[in-house]
Amino acid sequence: MRKVCLFLIVVFLLGCFSGCLQLKELINGPIENDDGTLSDWMKEEILEAYKKQYNIEYSKDIWEYESHIRYYGTENGYVFLYENTGMCALGELRVGGRVFNSNYVFVITVYKDGKFMKLEDAFEQGLVTKSTIAKIWEVHQEYETR
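Residues numbered from 1 in each chain as written. Predicted model: local features only at pLDDT ≥ 70, side-chain atom pairs only at ≥ 80, totals over all residues. Heavy atoms only, no water.

Overview of the side chain of Ser 102
Working step 1: Inspection of the secondary structure assignment puts Ser 102 in strand S3 (residues 98-112).
Working step 2: In this structure Ser 102 touches Tyr 82, Ala 89, Leu 90, Gly 91, His 140 and Glu 144, once residues within four positions along its chain are discounted. (Helix = DSSP H or I, 4+ residues; strand = E, 2+ residues; numbered from the N terminus. Contact = heavy atoms within 4.5 Å.)

What follows is the structure, given as structure tokens:
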């Protein structure tokens, strides 16, 4: 009986470590609110990750403007974000057969488990599919044509 209990505890802990995002969602709630916006706890986690990975500290109100950082959706635990540099210049990104344009120099990043990577790198590594790129492109077009 002790071996069975120990085995179940080990399986449970391995499940927790392999599914940290799911555990965070169980504790904090979903990544995305019912209205399609990013949850407050995930916003805070992302801002903390910016500080750690890039040594950039944004204030919490950065999310209110949607001009510098925009939330483009979540799929398979990956959070997609648009970030512009503030430089007014025509920006272009080609990935997955789609062309993203903006009036700013920009990057679309993929966030998961405390780390960021460029969308094109995530696509090349097979972490993001063409259908996901198409969804992100649709959201991007909505913002850019406002």
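With respect to the layout of surface pockets
Over the atoms, a rolling probe the size of a water molecule traces out where space has been left empty.
Working step 1: There is about 200 Å³ of room inside the largest pocket.
Working step 2: Forming the boundary of the largest pocket are Asn 33, Gly 36, Thr 37, Leu 38, Lys 43, Trp 63, Glu 64, Glu 66, Ile 69, Arg 70, Tyr 71 and Tyr 143.
Working step 3: Secondary-structure elements contributing two or more residues to the lining of the largest pocket are helix H4 (62-65) and strand S1 (69-75).
Working step 4: In terms of residue count, S1 provides more of the lining of the largest pocket than any other element does, three residues in total.
Working step 5: Of the residues that constitute the lining of the largest pocket, the class distribution is five nonpolar, three polar and four charged.
Working step 6: In terms of lining, the second largest pocket is formed by 13 residues, of which the most central are Ile 56, Tyr 58, Glu 83, Thr 85 and Val 107.
Working step 7: Taken together, the elements giving at least two residues each to the lining of the second largest pocket come down to helix H3 (40-54), strand S2 (78-95), S3 and strand S4 (115-118).
Working step 8: For the lining of the second largest pocket, the residue count by class is seven nonpolar, four polar and two charged. (1 Å grid on protein atoms, 1.4 Å probe; cavity = no way out; pocket = protein on both sides within 12 Å on 5 of 7 lines; lining within 4 Å. Points joined across faces, edges and corners; volume = space filled by probe spheres on them. Nonpolar A, V, L, I, M, F, W, Y, C, P; charged D, E, K, R; others polar.)

Considerations on the side chain of Glu 83
Working step 1: On the secondary structure map, Glu 83 appears in strand S2.
Working step 2: Within the buried set, Glu 83 has no salt-bridge partner at all; the shortest N-O distance to an opposite charge, 10 Å, is to Lys 118.
Working step 3: One polar contact links Glu 83 to Tyr 50, side chain to side chain, over a distance of 2.9 Å. (Buried < 20%, exposed > 50% of the residue type's maximum accessible area, 1.4 Å probe, protein only. Lys, Arg positive; Asp, Glu negative; His and termini not counted. Salt bridge = Lys/Arg side-chain N within 4 Å of Asp/Glu carboxyl O. Polar contact = N/O pair within 3.5 Å; in protein donor to acceptor, adjacent residues only side chain to side chain.)

A closer look at a negative patch on the surface
Working step 1: Residues Asp 40, Glu 44, Asp 61 and Glu 64 make up a contiguous surface patch of negative charge.
Working step 2: Position of Glu 64 relative to the elements: it lies in helix H4. (Patch = residues over 30% accessible without salt bridge, like charges linked within 9 Å, V, L, I, M, F, W, Y side chains within 5 Å. Areas by Shrake-Rupley, 256 points an atom, 1.4 Å probe, with all protein chains shown as cover. Charge placed at Lys NZ, Arg CZ, Asp CG, Glu CD.)

Notes on the packing of aromatic side chains
Working step 1: Going through the model one piece at a time under the given rule, you end up with eight aromatic pairs.
Working step 2: Among the aromatic residues, ring-to-ring pairing joins Tyr 50, Tyr 54, Tyr 58, Tyr 111 and Phe 116 into one connected group.
Working step 3: One residue, Arg 98, lies across the ring of Trp 137, its end atom 4.9 Å from the ring centre.
Working step 4: The residue whose ring lies beneath Lys 112 is Tyr 78, and the NZ or CZ to ring-centre distance is 4.4 Å. (Phe/Tyr/Trp six-rings, centres within 6.5 Å; stacked < 30°, edge-to-face > 60°. Lys NZ or Arg CZ within 6 Å of the ring centre and 35° of its normal.)

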